[in-house]
Amino acid sequence: MLNYIKSEFYRIRNSTFFKVLFLIYFVFSILACLFLKFASASSASSDALGKLISYSLLIGNLSYYYSSSLFVVYGVSDDNNKNNNLKNTIALGIPREKILFGKFIVNTIITILMMFFVVIVILITSNILFGFDIKLNITLNDIIYGVFAIIPIVILCVIMITSFLEIFRKEMISLLVFLIIFFFLPVILNIIYNISGKEIFYKISQIFPSQFLVNKLDVENLSIHTVWSEFFVFVKCYLVGIIGSIIFGLLGISIFRKREF
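Being a predicted model, the structure only gives us computed values, none of them experimental.

About the thresholds
- Starting from 1, residues in each chain are numbered consecutively following that chain's sequence as written.
- Where local features are concerned, this predicted model is filtered to residues with pLDDT of at least 70; where side-chain atom pairs are given and counted, the filter is 80 or more; whole-chain, interface and lining totals use all residues.
- Heavy atoms from the whole structure form the basis of all side-chain values; hydrogens and water molecules are not counted.
- Counting from the N terminus, the helices are DSSP H or I runs at least four residues long and the strands are E runs at least two residues long.
- Only protein chains enter the accessibility calculation, which uses a 1.4 Å probe. A residue is then buried if its area is under 20% of the maximum for its type, exposed if over 50%, and partly exposed in between.
- Any two residues having at least one pair of non-hydrogen atoms within 4.5 Å are treated as being in contact.
- Note on areas: Shrake-Rupley with a 1.4 Å probe; residue coverage comes only from the protein chains shown.
- Angular values range over 0 to 180 degrees, each being the angle between N-to-C directions of two axes fitted as lines to C-alpha atoms, with helices fitted over their stretch in contact.
- Angles are sorted into four bins: roughly parallel if under 35 degrees, roughly antiparallel if over 145, roughly perpendicular if 65 to 115, and oblique for all others.
- By definition, turning the near helix anticlockwise from the far helix through less than a right angle yields a left-handed crossing, and turning it clockwise yields a right-handed one.
- We call Asp, Glu, Lys and Arg charged. Ala, Val, Leu, Ile, Met, Phe, Trp, Tyr, Cys and Pro are nonpolar, and the rest, Gly among them, are polar.
- Among the buried residues, those of types Ala, Val, Leu, Ile, Met, Phe, Trp, Tyr and Cys that are joined through side-chain atoms within 4.5 Å form a nonpolar core.

*Asks:* Outline the overall build of the chain, listing residues and values.
*Replies:* Across its full length, the chain holds 11 helices and 2 strands. In the chain, the succession of α and β elements from N to C terminus is α-α-α-α-α-α-α-α-α-α-β-β-α. Buried positions account for 48% of the 261 residues belonging to the chain. Sequence separation of at least 24 residues holds for 79% of the intrachain contacts in the chain that already meet a minimum separation of 6. Accessible area for the chain stands at about 13600 Å²; split by element, carbon and sulfur atoms hold 69% of it.

The following block contains the structure:
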């Protein structure tokens, strides 16, 4: 399995797709900060607000991290399918469980690297554009704490998408199922709760990260209220991430064992 992981990293390092992907995230992060800079006036208060919103891209808006997991998994899967890498790897006698587990590891590491890459780019760009002297009620520790809080959720996303690709073998169907489970299902449960008044539906909906990971900007105090600053929510991130990863990981492995190449 270790040799398979090494070969995957070597292939990704030389992949045009991932070079372009990192470039896109790099450019988009800078453009987002530039837009906020030019959209605000040249006053200290507006610069402070622009800096606050740019920081909110890191810990207020989690779509950055969810989308990176999607692109990474699809990039690895598409490259494998084009080059018949999985078929050749299985022919070498490597157990399928180890192959899929290796894919989980590779996809997760690349996604986390992209997360930290985006954090560094936005932090540097934001401070250069808006000024290092503009102080917010957000510290570097708050951002690092937030990134580590959502790492298990991002890992869950990676494992879910990887497993769905093995189950359905179609990118669009896999994406649709992921979106339904991750985003739409908790909304439906909330609607049922509001109609029926049965609290069990609300409690189930709160298991989903899209429901309990909702952060709010506090413009007046130049801060972001992060729910994971509460110890219970921080622990919940890890519990949901670990349990969900085990469930969908085992599901993906059980299907991958039976898959014909």
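*Asks:* So, the packing of helix H2 (residues 16-39) against helix H6 (residues 96-130): which residues are in play, and what are the values?
*Replies:* Remark: H2 packs on H6, axes separated minimally by 9 Å, with the N-to-C direction vectors making an angle of 30°. Compared by their axis directions, H2 and H6 come out roughly parallel. Relative to H6, the crossing made by H2 is right-handed. Between H2, through Phe18, Leu21, Phe22, Tyr25, Phe26, Ser29, Ile30, Cys33, Leu34, Leu36 and Lys37, and H6, the contact on the second element is made entirely by Ile110, Met114, Phe117, Val118, Val121, Ile122, Thr125, Ser126, Leu129 and Phe130. Residue composition of the contact of H2 with H6, by class: 17 nonpolar, 3 polar and 1 charged.

*Asks:* Can you explain the nonpolar core? Please cite residues and give values.
*Replies:* The biggest cluster of nonpolar side chains holds 65 residues, and the ones touching the most others in it are Leu58, Tyr65, Ile143, Phe178, Phe182 and Leu213. Among the secondary structure elements, those contributing two or more residues to this core are helix H1 (2-13), H2, helix H3 (44-59), helix H4 (63-83), H6, helix H7 (140-168), helix H8 (171-196) and helix H11 (231-258). When residues in this core are grouped by element, the largest group, 15 residues, is from H7.

*Asks:* So, the packing of H1 against H6: which residues are in play, and what are the values?
*Replies:* Two elements in contact, H1 and H6, have axes separated by 9 Å at closest approach and are oriented at 40°. Put simply, H1 runs oblique to H6. For the crossing formed where H1 meets H6, the hand is right-handed. Side by side, H1 and H6 meet where Tyr4, Ile5, Glu8, Phe9 and Ile12 of the first sit next to Ile99, Gly102, Lys103, Ile105, Val106, Ile109 and Ile110 of the second. Grouping the amino acids of the contact of H1 with H6 by side-chain chemistry returns 9 nonpolar, 1 polar and 2 charged.

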